[in-house]
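If you want the building blocks of each chain, they are given just below.
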Amino acid sequence: MLYKRSSALFNEAEQVIPGGVNSPVRAFKAVGGTPIFAKSASGAYVYDEDDNRFIDYINSWGPMILGHAHKPVVDAVIEKSKLGTSFGMPTAIETEIAELAVSMVPNIDKIRFVNSGTEACMSAVRLARGFTNNDKIIKFAGCYHGHSDSFLIQAGSGAVTFGSPNSPGVTQGTAKDTLLARYNDLEHVEALLEANKNEVACIILEPVAGNMGCIPPKEGFLQGLRNLCDKHKVLLIFDEVMTGFRLAKGGAQELFGINADIVCFGKVIGGGLPVGAFAARNEIMNYLAPLGPVYQAGTLSGNPLAMAAGLAMLKELNEDQDVFNRLNAKTEYLHKGCAEVLDRLNVDYTINRVGSMISIHFYKDSVVDFETAALGNNDKFKAFFHGMLDNGIYIAPSAFETWFVSDALSYEDLDETIKAVEKVVSQLK
Ligand SMILES: *Cc1c(COP(=O)(O)O)cnc(C)c1O
């Protein structure tokens, strides 16, 4: 495939945008080469500026769970925009999407909308600190919760890919309040809680990790965290920015039957427009301004176009009783197909999958935390990535990312993908 126009556009972008991109993972640094520039997308496919077609497994990093340019979402945004694009006043649609979200997700009474997953997680932690009157937080190595200061301590995906887990600009003062635990290791968490008695406000995690590849929680891990939080009077925050409205209507809370105290959303909840949200039961949410003392605000929060896209998306997911079954079945088909090929080619690999999140690690043993995720063969991944790209399959340009399956993918698309895996991997050897 030729990427002439993309290369030219990237050179031009580099002159006026740092690294040519507005979010680092887009830059292909982890895999080498120059990023391709998207021109349009429809259903399962994204088209670049050179008019190449790719079967898309990034789907805008999750939001396009029903495929690109999904008609009900696009129509909702067009219609809404004719009525004015922002008011800075409350609007009826904010209540409408809030009511729907609260009805779909277990264990939440109120929800506050923001503009990104980063804002959602940052605000959730502030709320937890205000509510508990404690400063420290526990996060897990390899989990990503956006780019706010407290979280840039061994964060996953982009931050890890660039080898700058502790970004300059994050002060020691901030870093000392973030305690780092090993994913899937309850004893480690318990030891941190014992060593910091009455000082911890919350434990925040991705209930299924998706920013070090896909890593499922071990049996009993989430329940164990719930028990530890109850025992130590610490709030449990599920960062469901990736898993929310993806693994089930009610996200990971519903799938695993575990209640968190605060839940963060992003990605799918905005239907492809910039939306994040955080939610909890009344007791906690009423701590937020203007009802309570914890401040949080946003000029464009609850923006009508963003709410229109999000509402159209959630309605589709709520009304289609079969959508999550279809997503699971498609991802399972992809999993089996890839596993069969990789077995036959005798490559070291592990595939992790939960619902429509899946990742291939070029490593022979189980991948259960950040350390084991980092043992994957990165050179192999780089060659695999570029091979897939040249065969018309667009996966995330880093071994530390999950693939996002969309319902727009047909079984023919999945077969084409499995064939590409076979062709590309057999050429790697
Ligand atoms: C993407 C992501 C975020 C950050 O969301 P942004 O909208 O990029 O700020 C936070 N947490 C998780 C789990 C994510 O996957």
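**Remarks on the pattern of salt bridges**
Point 1. Under the defined criterion, the tally for this structure stands at 24 salt bridges.
Point 2. Here arginine 326 ties to aspartate 407 by a salt bridge, and the two come within 2.8 Å at their closest N and O atoms. You can see arginine 326 sitting in helix α12 (residues 323-344) and its partner aspartate 407 sitting in the loop between β14 (403-404) and α15 (411-428), a full 81 residues away along the chain.
Point 3. Arginine 326 gets classed as partly exposed once you look at its relative accessible area, which sits at 26%.
Point 4. The buried category is assigned to aspartate 407, whose relative accessible area is 15%.
Point 5. Look at the salt bridges and you will find they share partners, linking Arg226, Asp230, Asp261, Arg281 and Glu283 into a network.

**A short note on the domain arrangement of the protein**
Point 1. Domain annotation for the protein reports domain 1 (4-69 + 322-428) and domain 2 (71-319).
Point 2. Counting residues at the interface gives 35 residues for domain 1 and 38 residues for domain 2.
Point 3. Taking both sides of the interface into account, the surface hidden between domain 1 and domain 2 amounts to around 2,900 Å²; carbon and sulfur atoms contribute 72%.
Point 4. Contact with domain 2 buries surface across domain 1, with Phe324, Met357 and Phe370 losing the most and accounting together for 23% of the total.
Point 5. Linking domain 1 with domain 2 are 1 salt bridge.
Point 6. The salt bridge involving glutamate 371 is made with arginine 182; its shortest N-O contact spans 3.7 Å.
Point 7. Summed over the shared surface of domain 1 and domain 2, the number is 9 residue pairs in polar contact (both at pLDDT 80 or more).

**Focus: the packing of α12 against α15**
Point 1. Interhelical geometry of α12 versus α15 gives an angle of 25° and a closest axis separation of 10 Å. Overall, the two elements α12 and α15 adopt an arrangement that is roughly parallel. As α12 runs across α15, the sense of the crossing is right-handed. Every residue of α15 that contacts α12 at Ala329, Lys330, Tyr333, Leu334, Gly337, Cys338, Val341, Leu342 and Arg344 is listed here: Tyr411, Leu414, Asp415, Thr417, Ile418, Val421, Glu422 and Val425.
Point 2. Taken together, the residues that form the contact of α12 with α15 break down as 11 nonpolar, 2 polar and 4 charged.

**A word on the environment of leucine 305**
Point 1. Structurally, leucine 305 is set in helix α11 (residues 304-319).
Point 2. For the pair leucine 305 and threonine 85, spaced 220 residues apart in sequence, the C-alpha separation works out to 6.4 Å.
Point 3. The residues contacting leucine 305, other than those within four sequence positions of it, are Val77, Lys80, Ser81, Thr85 and Leu273.

**Description of the site of the ligand**
Point 1. Inspection of the region around the ligand gives Ser116, Gly117, Thr118, Tyr144, His145, Gly146, Glu206, Asn211, Asp239, Val241, Met242 and Lys267 as its neighbouring residues.
Point 2. Separating an oxygen atom of the ligand from a side-chain N or O atom of threonine 118 is a distance of 2.6 Å.
Point 3. Contact between the ligand and aspartate 239: a nitrogen atom at 2.6 Å from a side-chain N or O atom of the residue.
Point 4. Contact with the protein chains covers 83% of the free accessible surface of the ligand, which is 380 Å².

Quick notes on the rules
- Residues numbered from 1 in each chain as written.
- Predicted model: local features only at pLDDT ≥ 70, side-chain atom pairs only at ≥ 80, totals over all residues.
- Heavy atoms only, no water.
- Salt bridge = Lys/Arg side-chain N within 4 Å of Asp/Glu carboxyl O.
- Helix = DSSP H or I, 4+ residues; strand = E, 2+ residues; numbered from the N terminus.
- Buried < 20%, exposed > 50% of the residue type's maximum accessible area, 1.4 Å probe, protein only.
- Domains from an automatic or database assignment.
- Contact = heavy atoms within 4.5 Å.
- Buried area = accessible area lost by both parts, 1.4 Å probe.
- Polar contact = N/O pair within 3.5 Å; in protein donor to acceptor, adjacent residues only side chain to side chain.
- Axes fitted to C-alpha atoms, helices over the stretch in contact; angles between N-to-C directions.
- Parallel < 35°, antiparallel > 145°, perpendicular 65-115°, else oblique.
- Left-handed = near helix turned anticlockwise from the far one by under 90°.
- Nonpolar A, V, L, I, M, F, W, Y, C, P; charged D, E, K, R; others polar.
- Near = heavy atom within 4 Å.
- Areas by Shrake-Rupley, 256 points an atom, 1.4 Å probe, with all protein chains shown as cover.

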